[in-house]
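Okay, here's what each chain looks like letter by letter:
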Amino acid sequence: MAAVGEVLLVPLRGGCRGGAGGQEDPSCTREGTPGAGGGGGGAIQISVRGRLTLHASAQIAANGGGGGKGVNAAYSDGTGGHVGVGGGGGGSGGAILIEGDQLQLDPAAILCANGGGGGGGTHNNDGPIADGDNGVCALSPAPGGSGNNGIGGPGAFATTVAGAGQSGSRQDDGGGGGGGGAGRIRVRAAGGVQPTTFRASPAAHVD
């Protein structure tokens, strides 16, 4: 899914929360707890008059949060079996706007608005199920949460779109949540000399 909102970040807005996981039909089970959607990344604007410098260790992040794992439900007939519920979707990345008359950005500095990983879905036989990871400030994805038959999808980063959650292989398996989409980054050089060597995930709009 493409990022929403204006590429120039006017108005400035944060990311969107991921969707909650699905619930197994409660007519045959007790209700489980679907994974909650990860929080959307925030929005940050840094505007200076004069020179704005980001050194090699600089990181500015507006990443999405990881989706929550699903928690099983038990059969309502008391047989002790379990059915699955879905993991929550990862939150999308937010927005970063930096601007100054002059911009000096070290090649190792990084701006990131990556998506969070989707939460793992539950499985009839239980097993290791985990929340999705929060978006990372790197040119790499946030992994989705583990699940025996419902692994969460990785979050979007750089030019790579978010991954879909893995479907369960049986009727009563809960699927993993999808990864969160990328946000937007804008770097504005008001004086006209545009920086070219810094790192950004996703790619920055430079003007």
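Cut-off values and rules
Residues numbered from 1 in each chain as written. Predicted model: local features only at pLDDT ≥ 70, side-chain atom pairs only at ≥ 80, totals over all residues. Heavy atoms only, no water. Helix = DSSP H or I, 4+ residues; strand = E, 2+ residues; numbered from the N terminus. Buried < 20%, exposed > 50% of the residue type's maximum accessible area, 1.4 Å probe, protein only. Polar contact = N/O pair within 3.5 Å; in protein donor to acceptor, adjacent residues only side chain to side chain. Contact = heavy atoms within 4.5 Å. Pairing = 2+ DSSP bridges. Axes fitted to C-alpha atoms, helices over the stretch in contact; angles between N-to-C directions. Salt bridge = Lys/Arg side-chain N within 4 Å of Asp/Glu carboxyl O.

A. Quick peek at the side chain of S92. Structurally, the position occupied by S92 is in the loop between β4 (82-83) and β5 (95-105). Taking relative accessible area as the criterion, S92 reaches 15% and is therefore assigned buried. In this structure the side chain of S92 is engaged in a polar contact, spanning 2.7 Å, whose partner is the backbone nitrogen of C16. Leaving out residues up to four positions away in the same chain, S92 has contacts with G15, C16, G40, G41, G64, G180 and G181.

B. Local environment of the sheet that holds strand β8 (residues 199-201). The 3 strands are arranged β2-β6-β8 in an open sheet whose pairing can be described as parallel. Where the open sheet ends on each side, the last strands, each with one partner, are β2 (59-61) and β8. Sheet twist, expressed as the mean angle between neighbouring strand axes with direction ignored, is 10°. Taken together, the 3 bridges between strand β6 (residues 110-112) and β8 define a ladder with parallel strand orientation. From the neighbouring strand, I110 faces β8, where its bridge partner is R199.

C. Spatial organisation of the environment of G18. Along the chain, the position of G18 falls in the segment before β1 (43-54). On the accessibility criterion, G18 (14% relative accessible area) is buried. Placed 49 residues apart in sequence, G18 and G67 show a C-alpha to C-alpha distance of 6.9 Å. Residues within four places of G18 in sequence aside, it is in contact with G37, G38, G89, G90 and G91.

D. How the structure looks around the pattern of salt bridges. Scanning the entire structure with this criterion turns up 2 salt bridges. Residue R188 pairs with E99 through a salt bridge whose shortest N-O separation is 3.1 Å. Of this pair, R188 sits in strand β7 (residues 184-189) while E99 sits in strand β5, and the two are 89 residues apart along the sequence. Here E99 falls in the buried class, since its relative accessible area comes to 15%. In this structure, D207 engages R186 in a salt bridge whose closest nitrogen and oxygen atoms are separated by 2.7 Å. With D207 in the segment after β9 (205-206) and R186 in strand β7, the pair connects residues that are 21 residues apart, well separated along the chain. Given a relative accessible area of 25%, D207 falls into the partly exposed group.

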